[in-house]
Amino acid sequence: MSKKHICIIHTGGTIGMIRSAHGYLPKIGYLETVLDTIADLKDESMPRYTFYEMNPLLDSSDMAVNDWNKIGEEIANRYNDYDGFVVLHGTDTMAYTASALSFMLKNLNKPVVLTGSQIPLCEVRSDGQDNLITSLIIASDARVKEVCLYFGGRLLRGNRATKMSADGLLAFDSPNCPRLAEAGITIRYLPAPPPPQVSDAPLTLCKFEDVPIGVLKVFPGISFPIFDKLMTEKLRGIVLETFGAGNIPGEGDSLLPIIRKAFNAGSVVTVCSQCPQGTVSLGTYATSSPLKEAGAVSGYDMTTESAVAKLYYLFSQGHSKEEIKRLMEENLRGELTK
Ligand code: ASP
């Protein structure tokens with residue numbers, strides 16, 4: 001059997017960073033030379049890989065919508081030439097990019113695995129080598145047909161993943177979705193929730209437009225009128241991070257008219273929870289039911305990362321605001337459970 005051929009796309013992030021007087025930073029050309037020195041990558045059991053580097057390389061906290069589009073393009077342009085893709089990425093916004101790619105790559109039928117590390121490969125105790133090697137093995141497994149994130153022994157659905165730790169090596173998890181696989185002595189694929197629909201139709205790249213999207217985190221004592229102009233005149237898509245199952249303070253007296261105004265102006269307000277685990281359930285409490293009546297949509301158990309990416313996706317597809325409201329509550333790529 002011929003060896004699987006994997007495309008590694010290096011976007012930046014800690015894994016390939018070097019030390020500098022101002023802290024770690026990415027350096028063009030560096031990571032490829034490091035990979036050449038890792039004997040395990042040349043082992044008989046490993047897939048073949050081709051390395052591509054984006055320019056500029058970014059700390060992922062500098063990534064924006066157009067960078068997601070470029071990564072999507074790199075994958076789409078090479079889609080038919082490889083069995084799978086490993087995207088090397090900084091951890092800070094990896095869950096956002098994984099979510100964005102899951103919507104952007106329509107009819108994906110091959111593995112796209114995002115990974116990186118908390119400790120750069122240039123340091124002892126780096127977690128980068130294991131994360132990369134295991135990701136390459138996963139990317140050559142035809143059972144995986146979606147955008148996922150591998151980190152610290154866990155394979156997660158990309159649009160369900162969230163960064164849980166700023167300094168731990170088990171940095172990611174998907175609290176609202178069982179892990180797709182766990183890598184111990186062997187890589188054990190788990191009975192995953194129904195995968196997003198896989199189609200034989202050709203891959204379609206749905207690039208994102210830079211629509212004004214905002215996230216508003218509710219806190220005790222929040223004064224909603226301060227955000228009125230922002231929500232009704234500036235933003236198109238708003239993720240409202242509420243308490244618990246979708247609750248807001250003050251029975252929404254001051255928020256509801258703003259949501260109504262925002263919707264009339266063409267904006268869509270999506271209600272997510274500040275809790276990493278569990279779902280929004282509008283109407284369970286009196287503090288949440290008016291949100292629905294005012295025109296907000298439920299984000300159910302979607303991560304904020306995923307809700308942000310989904311808003312970009314749906315607005316970029318040119319749907320009407322009513323259609324966006326409807327689709328925000330539908331499970332398009334495995335991103336939510338209703
Ligand atoms: N700031 C880095 C980044 O997100 C952190 C990391 O990669 O772990 O690019």
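In the block above lies the structure referred to throughout.
The rules behind each value
- Residues numbered from 1 in each chain as written.
- Predicted model: local features only at pLDDT ≥ 70, side-chain atom pairs only at ≥ 80, totals over all residues.
- Heavy atoms only, no water.
- Helix = DSSP H or I, 4+ residues; strand = E, 2+ residues; numbered from the N terminus.
- Contact = heavy atoms within 4.5 Å.
- Areas by Shrake-Rupley, 256 points an atom, 1.4 Å probe, with all protein chains shown as cover.
- Lys, Arg positive; Asp, Glu negative; His and termini not counted.
- Charge placed at Lys NZ, Arg CZ, Asp CG, Glu CD.
- Pairing = 2+ DSSP bridges.
- Axes fitted to C-alpha atoms, helices over the stretch in contact; angles between N-to-C directions.
- Near = heavy atom within 4 Å.
- Polar contact = N/O pair within 3.5 Å; in protein donor to acceptor, adjacent residues only side chain to side chain.
- Nonpolar A, V, L, I, M, F, W, Y, C, P; charged D, E, K, R; others polar.
- Parallel < 35°, antiparallel > 145°, perpendicular 65-115°, else oblique.
- Left-handed = near helix turned anticlockwise from the far one by under 90°.

### What to know about the overall build of the protein
Thought 1: Secondary structure assignment for the protein yields nine helices and 18 strands.
Thought 2: Each principal axis of the C-alpha atoms in the protein carries an extent, and together these give about 65 × 50 × 35 Å.
Thought 3: In the protein, the share of contacts with a sequence separation of at least 24, taken over all contacts with a separation of at least 6, comes to 74%.
Thought 4: Total accessible area on the protein stands at roughly 14,600 Å², and carbon and sulfur atoms take up 51% of it.
Thought 5: Looking at charge distribution, the protein has the averaged site of its 33 positive side-chain charges lying 3 Å from that of its 38 negative ones.

### Overview of the sheet that holds strand 8 (residues 147-151)
Thought 1: In space, the eight strands of this open sheet follow the order 4-1-5-7-8-9-12-13, with mixed pairing throughout. This sheet does not close on itself; its edge strands, each paired only once, are strand 4 (48-58) and strand 13 (187-189). Each adjacent strand pair in this sheet contributes to an overall mean axis angle of 20 degrees, direction not counted.
Thought 2: Most of the contacts of helix 2 (residues 65-78) go to strand 4, to which it runs at about 155 degrees, and overall it touches strand 1 (5-12), strand 4, strand 5 (84-88) and strand 7 (112-115).
Thought 3: Where helix 4 (residues 128-139) meets the sheet, its contacts fall on strand 1, strand 4, strand 5, strand 7, strand 8, strand 9 (154-157), strand 12 (181-183) and strand 13, and the angle it forms with strand 5 comes to roughly 160 degrees.

### Some details on the site of the ligand
Thought 1: Near the ligand you find Gly 13, Thr 14, Met 17, Asp 59, Ser 60, Gly 90, Thr 91, Asp 92, Ser 117 and Gln 118, and these make up its full shell.
Thought 2: Between an oxygen atom of the ligand and a side-chain N or O atom of Ser 60, the distance comes to 2.5 Å.
Thought 3: Bound to the protein, the ligand loses 90% of the 270 Å² it would expose on its own.
Thought 4: In terms of residue class, the shell around the ligand is built from one nonpolar, seven polar and two charged.

### What about the packing of helix 3 (residues 94-104) against helix 8 (residues 304-316)?
Thought 1: Viewed as axis vectors pointing N to C, helix 3 and helix 8 meet at an angle of 40 degrees, and their least axial separation amounts to 8 Å. It follows that helix 3 is oblique to helix 8 by the angle criterion. Along this stretch, helix 3 crosses helix 8, giving a crossing that reads as right-handed. Residues Ala 95, Tyr 96, Ser 99, Ala 100 and Phe 103 of helix 3 form the contact with helix 8, whose participating residues are Glu 305, Ser 306, Val 308, Ala 309, Lys 310 and Tyr 313.
Thought 2: Of the residues belonging to the contact of helix 3 with helix 8, the class tally is seven nonpolar, two polar and two charged.

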